[in-house]
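Commentary on secondary and tertiary structure
Now for the letters of each chain:
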Amino acid sequence: MKFRTRAIHVGNQKDAQTGAVVPPIHVASTYVQEAAGEWGEYDYSRSGNPTRANLEETMASLESAAGSLAFSSGMAAIHAATLLCKAGDHILAGRDIYGGTYRLLHQVANRAGVDVSLVDTTDPNQVREQMRDTTRLLWCETPGNPLMSITDVAACAEIAHAGGALLAVDNTFPSPVLTRPLELGADIVMHSATKYLGGHSDVLGGILAAREKELHDDLYFIQNATGAVLSPFDSFLVSRGIKTLDLRMRSQCESAATIATWLDSDPRVERVLYPGLENHPGHEIATAQMDGGFGAMISFEVQGGFEKAKQLVESTRLFQLAVSLGAVESLIEQPAAMSHASYAREDRLAHGITDSLVRISVGLEDSDDLVEDLSQALGE
Ligand SMILES: *Cc1c(COP(=O)(O)O)cnc(C)c1O
């Protein structure tokens with residue numbers, strides 16, 4: 001079956017008892033055993049829940065994984081992945097990553113004696129040079145956040161494996177519609193299900209999917225032992241969102257391409273960062289690695305610095321001023337003051353996240369209305 005069909009049918013079998021086309025939401029926390037010590041398929045809802053299992057089955061299929069696990073948030077999923085590392089292990093992560101991941105690595109993972117360093121993952125040579133004997137996990141995000149940098153997943157997988165490490169890819173921005181990292185050699189794929197998978201700004205969730213069964217089992221052990229599972233109600237919302245994921249993603253990509261091209265030609269805008277534009281340094285790899293679209297996230301720098309960027313994000317009428325992304329409503333934000341405020345300022349500037357940078361998440365509204373909104377907000 002093709003992707004769109006699997007998104008609707010895998011993990012969504014009709015209810016055997018009633019014929020309901022949508023499986024019921026199983027809220028029970030515990031399950032009756034036939035006899036003491038005789039375990040059924042489910043015994044306790046942290047260890048396994050039918051509604052969560054349905055979502056996990058869908059995501060394993062869409063990501064070509066041996067199995068997937070649903071967490072209470074994207075950060076909970078990333079945290080579980082970092083727990084594969086023990087004291088003395090090293091995590092090598094990309095520079096252009098989600099602000100919360102940066103914080104988790106530098107202020108939480110390090111407390112357990114895990115070493116963390118960052119590298120520009122767009123350059124495979126630098127990645128190879130920065131690998132250490134102790135590197136257990138290479139972590140990257142493509143398109144990166146917020147600079148939309150493109151990392152060659154297949155090249156990073158080769159480097160990680162040559163050094164005896166695992167490659168994990170945060171696939172939140174492209175979603176499995178556009179990129180399936182496990183098919184390119186990655187070992188773990190991670191999602192903030194809060195974004196495109198859910199798609200409607202009404203649920204928090206996270207996903208880990210592993211290429212190999214053994215790694216999936218390790219991650220399952222960590223998830224069950226630490227407990228940050230996705231609730232049945234929230235699992236249902238993410239499952240519902242995934243049914244329209246392909247349709248939403250492709251339509252949002254199309255609008256984003258239109259808006260990026262328009263921004264690129266507007267003199268009030270200094271620089272546009274969108275992998276679909278030919279002038280983007282990662283355009284070639286993105287074309288090879290992304291399936292029929294370049295995502296619906298765009299960053300751009302305005303003429304006039306911090307104050308002008310601040311004024312812009314506060315002047316749009318359709319684009320709402322909020323962090324997060326990936327839903328039907330368009331959002332706008334200023335990374336320096338919002339999504340990446342958890343970076344130390346020197347680090348932020350060193351990473352190219354300037355004060356005049358603006359990031360937009362293009363939603364499902366009509367692209368003409370979105371262009372008009374940005375144009376009026378850019379002002380004179
Ligand atoms: C939002 C986000 C996360 C964190 O996910 P939460 O669901 O907010 O915990 C991680 N990575 C990326 C790329 C994100 O956009």
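Just so it is clear, the model here is predicted, and its values are computed rather than measured. (Residues numbered from 1 in each chain as written. Predicted model: local features only at pLDDT ≥ 70, side-chain atom pairs only at ≥ 80, totals over all residues. Heavy atoms only, no water.)

1. As for a nonpolar patch on the surface
Short version of the rule: A patch consists of residues whose relative accessible area exceeds 30% and which take part in no salt bridge; residues with like charges are grouped when within 9 Å of each other, and nonpolar side chains (Val, Leu, Ile, Met, Phe, Trp, Tyr) when within 5 Å. What sets the accessible areas is the Shrake-Rupley method with a 1.4 Å probe; for residues, cover comes only from the shown protein chains. Between Lys or Arg on one side and Asp or Glu on the other, a salt bridge is scored when a side-chain nitrogen of the former is within 4 Å of a carboxyl oxygen of the latter. Helix numbering and strand numbering both begin at the N terminus, where a helix is a DSSP run of H or I of at least 4 residues and a strand a DSSP run of E of at least 2. Three exposure classes are used, based on accessible area relative to the maximum for each residue type with a 1.4 Å probe and protein chains only: buried under 20%, partly exposed in between, and exposed over 50%.
A cluster of nonpolar side chains, Ile25, Val27 and Phe233, forms an exposed patch at the surface whose accessible area comes to about 280 Å². In this structure, Phe233 sits in helix 9 (residues 232-242). Using a relative accessible area of 52% as the deciding quantity, one classes Phe233 as exposed.

2. Considering the site of the ligand
Counted only if it meets this: A molecule or strand has a residue near it when one of that residue's heavy atoms lies within 4 Å. Polar contacts, as used here, are pairs of N or O atoms within 3.5 Å; protein pairs need one atom able to donate a hydrogen and one able to accept it. Residues neighboring in sequence count only if both atoms are side-chain atoms.
Close to the ligand lie 14 residues; Met75, Asp170, Ser192, Thr194 and Lys195 are nearest. Here an oxygen atom of the ligand sits 2.8 Å away from a polar atom, N or O, in the main chain of Met75. Ser192 places a polar side-chain atom, nitrogen or oxygen, 2.8 Å from an oxygen atom of the ligand. Surface burial for the ligand is 94%, taken as the share of its 370 Å² of free accessible area covered by protein chains.

3. Some remarks on the sheet that holds strand 10 (residues 320-321)
The criterion, for reference: Pairing between two strands is assigned when DSSP locates at least 2 bridges connecting them. We call two residues in contact whenever any of their non-hydrogen atoms come within 4.5 Å of each other. In this analysis an axis means a line fitted to C-alpha atoms, helices contributing only their contacting stretch, and an angle means the value between N-to-C directions, from 0 to 180 degrees.
Spatial ordering of the open sheet is given by 8-9-12-11-10, a layout of five strands whose pairing is mixed. Only two strands of the sheet have a single partner each, and these edge strands are strand 8 (269-273) and strand 10. Where helix 10 (residues 245-264) meets the sheet, its contacts fall on strand 8, strand 9 (297-302) and strand 12 (357-361), and the angle it forms with strand 9 comes to roughly 15 degrees.

4. Some thoughts on the pairing of strand 9
Within strand 9, six of the six residues are buried, leaving the element largely enclosed by the surrounding structure. Neither face of strand 9 is open: one carries Met297, Ser299 and Glu301, the other Ile298, Phe300 and Val302, and all of them are buried. Of the strand pairs in this sheet, strand 9 and strand 12 are connected by five bridges, and their pairing is antiparallel. Looking at the pairing, Ile298 lines up with Ile360 of strand 12.

5. Side note on the nonpolar core
The condition is simple: Nonpolar cores were defined as sets of buried Ala, Val, Leu, Ile, Met, Phe, Trp, Tyr and Cys residues, with membership established by side-chain atoms within 4.5 Å.
In this structure, Trp139, Leu208, Ile259, Val272, Ile298, Phe300 and Ile360 are the most contacted members of the largest nonpolar core, which totals 86 residues. The biggest single contributor to this core is helix 10, with seven residues. Excluding its chain neighbours within four sequence positions, the residues that come into contact with Ile360 are Ile259, Ala296, Met297, Ile298, Phe300, Phe319, Leu331, Ile332 and Leu374. Judged by nonpolar contacts, the second largest core, of 20 residues, contains Val119, Ile159, Leu167 and Ala186.

6. With respect to the sheet that holds strand 6 (residues 188-192)
Pairing is mixed across the open sheet formed by seven strands, whose spatial order is 1-7-6-5-4-2-3. In this open sheet, the two edge strands, each paired with only one partner strand, are strand 1 (67-71) and strand 3 (115-119). Direction aside, neighbouring strands of the sheet carry axes that sit 20 degrees apart on average. As paired strands, strand 1 and strand 7 (residues 206-210) are joined by five bridges and run antiparallel to one another. Across the sheet, residue Gly67 finds its bridge partner in strand 7, namely Ala210. Against the sheet, helix 2 (residues 50-62) makes contact with strand 1, strand 6 and strand 7, and its axis sits at roughly 130 degrees relative to strand 1, the strand it touches most. Sheet contacts for helix 6 (residues 153-162): strand 4 (135-141) and strand 5 (166-170); angle to strand 5, the most-contacted strand, approximately 150 degrees.

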